[in-house]
Amino acid sequence: MPQTMTKTGPLQADQAKVKEIIRELTRSYWMEIETVQNYIANSVNLEGIRAKEIRESLAEDIDSELGHARRLADRIHVLGGIVPGSLEFKAEQRAIQPPKDTTDVLSIIRGVIEAEDGAIEQYSKIIEICDHVDWATQDLSIELMADEQGHRREFISYLAEFDREEARKMATG
Ligand SMILES: [Fe+2]
Ligand SMILES: [Fe+2]
């Protein structure tokens, strides 16, 4: 192999960088899995007239978030990483635990927005790490981030029914 050629594997980067990308993808993967757990629970538990729309919206998003987890797992594999099993899972999403009051729709709306914000922030981080290093992971993260922005906006529109001012502030960043 001539001196100018480098061993590339799936991407042009040193191994430390690849490991960093795999680590951050794995974090996103766990966030998606935890979101699936909490969206399932809340899409079933919530009760009352105002809960109907939220239940349906959460039920729809479950498939989207599960799809994200699967695509992240696939990318981890392509980069030479190992997709972890459940024993490595650590729960973090306090804001979106099923409320004791099953009609407390507002706390779930706020919790979902917080979860989506967390996912958006984590994808932004990956997008930056991947710049000029791993275009395919960057592209995937941009696409998934756009999905999360859509979910976030949807729940801000639900928030508007409870608190117009808070929703307005959130919508404009
Ligand atoms: Fe997601
Ligand atoms: Fe989402």
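Since the model is a prediction, treat every value here as computed from it, not as a measurement.

We now examine the overall build of the chain. Of regular secondary structure, the chain possesses 5 helices and 0 strands. Each principal axis of the C-alpha atoms in the chain carries an extent, and together these give about 70 × 35 × 20 Å. Of all 173 residues assigned to the chain, the portion counted as buried reaches 28%. Of the contacts made within the chain by residues no fewer than 6 positions apart, 71% connect residues no fewer than 24 positions apart.

What follows concerns helix α5 (residues 164–171). Taking burial as the measure, the 8 residues of α5 include 0 buried ones, a minor fraction of the element. Note on α5: the residue one or two positions beyond its end, G173, has a positive phi of about 80 degrees.

A few words on the nonpolar core. Counting 27 residues, the largest nonpolar core has L25, I54, I108, I109, V112, I113 and F155 as the members making the most contacts within it. Aside from chain neighbours lying at most four places away, what touches I113 is R152, F155, I156, L159 and M170.

The rules behind each value
- Residues numbered from 1 in each chain as written.
- Chains lettered and ligands numbered in written order.
- Predicted model: local features only at pLDDT ≥ 70, side-chain atom pairs only at ≥ 80, totals over all residues.
- Helix = DSSP H or I, 4+ residues; strand = E, 2+ residues; numbered from the N terminus.
- Buried ≥ 20, exposed ≤ 12 C-beta atoms within 10 Å, placed from the backbone.
- Contact = placed C-beta atoms within 7 Å.
- Core = buried A, V, L, I, M, F, W, Y, C linked by C-beta atoms within 7 Å.

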